[in-house]
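Fold and geometry: a report
Residues per chain, in single letters:
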Amino acid sequence: MAPTVGPALARALVDLGLSPLVDEPMSRHGFWRIGGPADVWVEVPDLASLRAVMALGAPVTVVGNGSNLLVADQGIRGVALRLAGSLRDARLDPQGARVGGGMMNSVLLARLQRAGRGGLASLAGVPGTVGGAVRMNAGTALGEVGAVVREVTVVLPGGAVAVLPAEALGFAYRHATLPPGAVVAEVALTLQDDPEAVAREQAEIDHHLARRKATQPLDQPSCGSVFRNPQGDAAGRLIEAAGLKGASRGGARISDKHANFIVNTGGATAMDTWALVRLARDTVWRRFGVRLEPEVHAVGDWPDGCWPLPEPT
Ligand SMILES: Cc1cc2nc3c(=O)[nH]c(=O)nc-3n(C[C@H](O)[C@H](O)[C@H](O)COP(=O)(O)OP(=O)(O)OC[C@H]3O[C@@H](n4cnc5c(N)ncnc54)[C@H](O)[C@@H]3O)c2cc1C
């Protein structure tokens, strides 16, 4: 039987040579600084260890850089894991790059810049990992990561490894179809090598980053855009037009700078944030008849009925 209680799970992970932490506050591991304890938190240094953890049969929640996660106040049951060690490396080759799922986008971009290579403008300013980017099909006005993914190596619940070509991942706006519970261990990417195209791309990135700094509350804890943009419109525009900039619940507040951001002004709980998510969704529905869908991922042990969000009223 799978060990599911913290200390038993921790012992099983120690037996695998790992260094788990029991009852680790998830507020330490997410951009929002919100969330109760994970039964067990563990960093996994290589593919073999990742397979062994997945083979334990305990529930697993994979945390990239926690930049798009809303963790429940009651925390996470089972294992919360982060990819580390060789799962954060990249190898550049003539075809492109093979990148560990745990590598930070910013580290990869800096490495490409040093090597005079490009193709990943879509991830500039996205403060997550490459695995999280694939899971979310992250992107900006400069494109989506799915456009440059060649194939993805995943570890499945039970520990089997599968290599999935990009066509199998059904990339769409902020969406990829991965097998249930799959952890992205490695991503093969196509890169741009033409020096003129790379220089042009770098200029676009610089312009894009300056614009973000001017329009987004990057100095406060948030998870970026809370809602996906509805077809032909912007969620932030709708929330602002509904008069909700500055609305707050507990320590959570709809940003005065960008209405699709909820910021933690200090001590916000997951339920404070959830209440604002509902307020924005219900108000925009009532005022404009537009149904906003969340972009952030809610994980952990939420009270019944919170997610999926109730129908807007
Ligand atoms: C200030 C700010 C600005 C942002 N701007 C943008 C933007 O412009 N564009 C954009 O797309 N996003 C943006 N985001 C949101 C976020 O950065 C992206 O969604 C990012 O891709 C999430 O990556 P992560 O590694 O932090 O994943 P997490 O937030 O840790 O996880 C997100 C989801 O991916 C899953 N996941 C993570 N790693 C893996 C893995 N290796 N294998 C399988 N599943 C995995 C998690 O379980 C979860 O379901 C922004 C966030 C912030 C805080």
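Structural notes, computed from the coordinates. Since we're looking at a predicted model, the values are computed, not measured.

**Side note on the site of the ligand**
In the region of the ligand, 33 residues are neighbours, and V62, S67, N68, T129 and H297 sit closest. In this structure, an oxygen atom belonging to the ligand sits 2.9 Å away from a main-chain N or O atom of N65. Between the ligand and the protein, one listed contact pairs a nitrogen atom with a backbone N or O atom of G132 at 3.5 Å. Expressed as a share of its isolated accessible area of 960 Å², the protein-covered part of the ligand is 94%.

**Thoughts on the side chain of S255**
By the element assignment, S255 lies in the loop between β14 (252-254) and β15 (262-264). The exposure class of S255 is buried, given its relative accessible area of 2%. Within the structure, S255 has its side chain in polar contact with the backbone nitrogen of H258 (distance 3.1 Å).

**Let's talk about the sheet that holds strand β10 (residues 149-155)**
The sheet built from 5 strands is open, its strands ordered β6-β7-β12-β10-β11 with antiparallel pairing. Whereas interior strands pair on both sides, the edge strands pair on one side only; in this sheet they are β6 (90-93) and β11 (161-165). Averaged over all adjacent pairs, the angle separating strand axes in this sheet is 15°, with direction ignored. Here β6 runs beside strand β7 (residues 96-100); their pairing, made up of 4 bridges, is antiparallel. Residue pairing for β7: L92 is matched across the bridge by A97.

**What to know about the pairing of β11**
Only one face of β11 is covered, namely the one carrying A162 and L164; the face carrying V161, V163 and P165 has none of its residues buried. As judged from the 5 bridges shared by β10 and β11, these two strands associate in the antiparallel manner. Opposite E151, over in β11, you have P165 as the bridge partner.

**Details of the sheet that holds strand β3 (residues 60-62)**
For sheets, the rule is that strands pair by backbone hydrogen bonds, running either parallel or antiparallel. Strand order in the open sheet made by the 4 strands is β1-β2-β5-β3, with mixed pairing throughout. The sheet is open, and its two edges are formed by β1 (21-25) and β3, each paired on a single side. Taken pair by pair, the neighbouring strands of this sheet meet at an average axis angle of 45°, ignoring direction. Bridging between β1 and strand β2 (residues 37-44) involves 4 bridges; their strand directions are antiparallel.

Thresholds applied
- Residues numbered from 1 in each chain as written.
- Predicted model: local features only at pLDDT ≥ 70, side-chain atom pairs only at ≥ 80, totals over all residues.
- Heavy atoms only, no water.
- Near = heavy atom within 4 Å.
- Polar contact = N/O pair within 3.5 Å; in protein donor to acceptor, adjacent residues only side chain to side chain.
- Areas by Shrake-Rupley, 256 points an atom, 1.4 Å probe, with all protein chains shown as cover.
- Helix = DSSP H or I, 4+ residues; strand = E, 2+ residues; numbered from the N terminus.
- Buried < 20%, exposed > 50% of the residue type's maximum accessible area, 1.4 Å probe, protein only.
- Pairing = 2+ DSSP bridges.
- Axes fitted to C-alpha atoms, helices over the stretch in contact; angles between N-to-C directions.

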